[in-house]
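# Remarks on the overall topology
Below, each chain spelled out in residue letters.
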Amino acid sequence: MNLAPDICYQALASRDRRFDGQFVVGVTSTGIYCRPICRVRCPKPDHCRFFSHPAAAEQAGFRPCLRCRPELAPGLAMMDARDQLAQAAMVMIDNGFLDHDGSDALARRIGISERHLRRLFRATFGVTMFDVARTRRLLLAKRLLTDTSLPVSEIALAAGFGSQRRLNALFQTHYRMSPGRLRRGERGGTADSSITLAMVYQPPLDWTAMLDFLALRQVEGLEQVEAGCWQRSLMIERDSASGRTRHSGWISVAHMAPGQLALTLPVTLVPVMGEVLNMVRHLFDLDAPMALVEAHLKGLVPASTGIRVPGAVTGFEMAVRAIVGQQITTARARRVLTELVARLGEPLAGQPGRYVFPPPAVLAAQPPEALITLGLLRIRAEAIIAVAKAMDSGALVLSPGAPVAENMAGLQEIRGIGDWTAQYVAMRALAWPDAFPAGDLVLKRAMGCRSDREAAARSAVWSPWRAYAAIRLWHAASLAAHSNHVILPLGAPEAIEPASLSEELPS
């Protein structure tokens with residue numbers, strides 16, 4: 001965002017939640033930086049310096065506020081950055097990319113030279129990529145020290161420092177305190193099998209609509225939606241000194257209060273805590289700039305406030321789901337995916353009947369016949385195997401921050417994958433807010449369009465938030481299909497017959 005001091009100070013003085021996560025304010029009289037919603041007495045304008053990212057504030061010598069806790073602020077939205085390449089790098093750094101790879105690998109992933117990326121990144125955010133990575137680790141450690149009883153040594157490893165000594169040194173250098181000062185009372189190790197953390201977002205969020213969307217597509221043995229809570233198996237691999245290690249467990253997410261979700265995860269996933277937190281933020285679209293989206297799509301579908309675009313646990317899984325769901329009902333797609341997970345997924349340790357989704361390497365090694373026996377057509381079985389091979393080799397990267405046009409083109413080069421599938425994957429796996437599957441039958445009916453080209457042309461008015469328009473139209477169609485109501489196509493006089501809509505929603 002444009003950090004005009006007068007605008008930022010007005011937001012700070014009014015504690016406007018719409019600006020939470022968009023900037024931080026450094027107070028020169030205290031040496032502390034805060035979120036714009038901090039409840040302390042508002043400082044004088046002359047004492048305020050505004051920064052687009054906590055790393056910039058820390059580089060300027062400020063340390064984080066212990067009251068408003070900047071590490072809990074919603075993240076910056078992808079479309080808010082002045083440069084999308086720099087923002088793509090920011091997303092990947094926030095996902096922990098630099099914890100296991102260097103800046104040269106990050107530049108190759110984005111598709112530009114390392115020198116050009118360093119220049120773009122500093123011009124956009126005013127700090128280096130390693131400044132941001134270090135601040136991310138420090139803030140994650142600060143959060144775990146404050147909110148959990150984990151031993152400091154485990155927190156150091158979970159936050160990516162490698163050792164407690166390194167964590168202690170950086171805390172002393174940047175925050176002028178030892179990690180132990182953040183402990184509330186006497187805390188030693190913990191025998192708890194799980195921990196719970198708050199996930200902050202900018203309201204509104206239609207939690208019911210989000211769970212309804214996920215519940216309609218839940219795969220038995222892999223995930224579960226019940227009693228207002230989403231639960232799921234996870235398996236994350238990480239390189240270590242002893243080789244590649246796997247961390248798995250069963251997590252759950254529930255709505256805690258307006259502006260907060262509660263994430264509960266087992267201690268087995270603590271070493272990959274950063275990846276889990278970012279996956280949950282992506283899946284529930286917690287960093288969406290809803291004020292902008294709502295203003296742009298106002299009046300599109302009545303009573304659709306707070307509906308966000310569900311993301312993906314992994315890009316590979318989302319691609320498989322999209323291919324399986326081509327031209328079949330959601331219920332049929334769920335049965336095929338349930339059988340695929342039961343046959344090829346790895347059982348979750350200590351959780352009978354629960355599995356993790358098979359990684360690309362597993363499906364890449366399967367003959368087409370192994371997938372055809374699940375009920376898939378040969379062309380779709382071969383498409384899934386081709387995607388698995390491309391992702392296993394690195395030719396395809398389906399994650400937030402990856403080049404959108406390049407990976408969508410790569411998907412469509414695979415036989416059996418067309419524009420609808422590529423757009424749907426971009427919408428949910430790549431977190432691309434302007435994705436729009438114009439060939440979708442439900443969307444064309446809702447818009448009163450007869451052709452894909454007409455739907456694409458009419459959707460231009462919703463750019464750059466067309467993915468949010470699509471999810472709202474699908475939501476309206478789903479509600480109509482399960483009620484006695486009909487929905488009217490936008491700008492068309494005749495009503496849609498709702499009985500057929502539920503069988504045509506994307507999987």
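It should be noted that the structure appears before, not after, this text.
The structure contained in this document is the topic of the report that follows. None of these values were measured; they are calculated from a predicted model.

Looking now at the overall build of the chain. Across its full length, the chain carries 21 helices and 11 strands. The C-alpha atoms of the chain give 23 Å as radius of gyration, which agrees with the globular expectation for 507 residues (23 Å, within 12%). Along the three orthogonal principal directions, the C-alpha set of the chain runs to about 65 × 55 × 45 Å. The burial tally for the chain puts 56% of its 507 residues in the buried class.

Another aspect to go through is the layout of surface pockets. Here the largest pocket is characterised by a volume of approximately 1,500 Å³. In this structure, the largest pocket is lined by 40 residues; those nearest its centre are Ile236, Glu237, Arg244, Thr314 and Ser399. Counting residues per element, the ones that place at least two in the lining of the largest pocket are strand S7 (229–240), helix H10 (273–283), helix H12 (315–324), helix H14 (360–364) and helix H16 (378–393). Among the elements that make up the lining of the largest pocket, the one with the highest residue count is S7 (8 residues). A per-class count over the lining of the largest pocket returns 21 nonpolar, 9 polar and 10 charged.

According to the stated counting rule, one finds 3 cavities of 30 Å³ or more in the structure shown. There is about 120 Å³ of room inside the second largest cavity. Forming the boundary of the second largest cavity are 15 residues, of which Leu214, Glu223, Glu317, Arg321 and Arg428 lie nearest the centre. Within the residue set of the lining of the second largest cavity, elements represented by two or more residues are helix H9 (207–216), S7 and H12. Per element, the largest residue contribution to the lining of the second largest cavity is 3 residues, and it comes from H12. Tallied by class, residues from the lining of the second largest cavity come to 7 nonpolar, 2 polar and 6 charged.

Counting 154 residues, the largest nonpolar core has Leu106, Trp230, Phe284, Leu371 and Val387 as the members making the most contacts within it. If sequence neighbours within four positions are ignored, Phe284 has contacts with Trp207, Met210, Leu214, Trp230, Val253, Leu261 and Arg308. Counting residues in hydrophobic clusters, the runner-up holds 12 residues, among them Val25, Cys34, Cys38 and Phe50.

Another point: the pairing of strand S5 (residues 194–200). The buried fraction of S5 is high, at 5 of 7 residues. Strand direction decides the pairing type here: S5 and strand S9 (residues 260–266), joined by 7 bridges, are antiparallel. Opposite Ala198, over in S9, you have Ala262 as the bridge partner.

So, on to the environment of Ala295. Looking at where Ala295 falls in the secondary structure, it is placed in helix H11 (residues 290–296). Note on Ala295: relative accessible area 56%, which makes it exposed.

Throughout the structure, instances matching the rule amount to 12 aromatic pairs. For the ring pair Phe171 and Tyr175, a centre distance of 5.0 Å and an interplane angle of 80° mean the geometry is edge-to-face. Taken as a pair, Phe171 and Tyr175 lie in helix H8 (residues 164–175) at a separation of 4 residues, close to a single helical turn. Among the residues examined, Tyr175 registers a relative accessible area of 2% and is labelled buried. Both rings, one in Trp420 and one in Tyr424, keep their centres 5.2 Å apart while their planes meet at 15°; by these two values the pair is stacked. Taken together, the residues span about one helical turn, with Trp420 and Tyr424 both in helix H18 (residues 419–428) at a distance of 4 residues.

Ordered in space as S3-S1-S2-S4, the 4 strands form an open sheet in which the pairing is mixed. Two strands close off the open sheet at either side, each with one partner strand: strand S3 (48–51) and strand S4 (63–64). Strand direction decides the pairing type here: strand S2 (residues 32–34) and S4, joined by 2 bridges, are parallel. Residue pairing across strands places Ile32 opposite Arg63, the latter belonging to S4.

Of the consecutive residues Pro203 and Pro204, the connecting peptide bond is found in the cis state with omega at 5°. Secondary-structure assignment places Pro204 in the loop between S5 and H9. Non-glycine residue Arg15 carries a positive phi angle of around 50°. With a phi angle near 60°, Gln327 is a residue other than glycine that sits in the positive phi range. In this structure, Gln327 sits in the loop between H12 and helix H13 (330–344). What makes Gln327 exposed here is its relative accessible area of 78%.

What follows deals with H9. Each turn of an α-helix holds 3.6 residues, which means side chains three or four residues apart point in the same direction. Most of H9 is tucked away, with 7 of its 10 residues classed as buried. Residues of H9 that are buried include every one of Trp207, Ala209, Met210, Leu211, Phe213, Leu214 and Ala215, and no others.

It is worth spelling out the side chain of Arg69 at this point. Mapped onto the fold, Arg69 is located in the loop between S4 and helix H3 (84–94). Look at Arg69 and you get buried, because its relative accessible area is 9%. One polar contact links Arg69 to Asp147, side chain to side chain, over a distance of 2.9 Å. Ignoring sequence-local partners within four residues, the contact set of Arg69 consists of Arg35, Lys142, Arg143, Thr146 and Asp147.

Among the secondary structure elements, Met129 is positioned in helix H6 (residues 129–147). Judged by relative accessible area, Met129 falls into the buried class, the value being 3%. When the C-alpha positions of Met129 and Arg118 are compared, they lie 7.2 Å apart, and in sequence the two are 11 residues distant. Here Met129 is in contact with Ile93, Leu98, Ser103, Leu106, Leu117, Arg118 and Phe121, once residues within four sequence places are set aside.

Criteria and cut-off values
- Residues numbered from 1 in each chain as written.
- Predicted model: local features only at pLDDT ≥ 70, side-chain atom pairs only at ≥ 80, totals over all residues.
- Heavy atoms only, no water.
- Helix = DSSP H or I, 4+ residues; strand = E, 2+ residues; numbered from the N terminus.
- Rg over C-alpha atoms; globule rule 2.2 N^0.38 Å.
- Buried < 20%, exposed > 50% of the residue type's maximum accessible area, 1.4 Å probe, protein only.
- 1 Å grid on protein atoms, 1.4 Å probe; cavity = no way out; pocket = protein on both sides within 12 Å on 5 of 7 lines; lining within 4 Å.
- Points joined across faces, edges and corners; volume = space filled by probe spheres on them.
- Nonpolar A, V, L, I, M, F, W, Y, C, P; charged D, E, K, R; others polar.
- Core = buried A, V, L, I, M, F, W, Y, C linked by side-chain atoms within 4.5 Å.
- Contact = heavy atoms within 4.5 Å.
- Pairing = 2+ DSSP bridges.
- Phe/Tyr/Trp six-rings, centres within 6.5 Å; stacked < 30°, edge-to-face > 60°.
- Polar contact = N/O pair within 3.5 Å; in protein donor to acceptor, adjacent residues only side chain to side chain.

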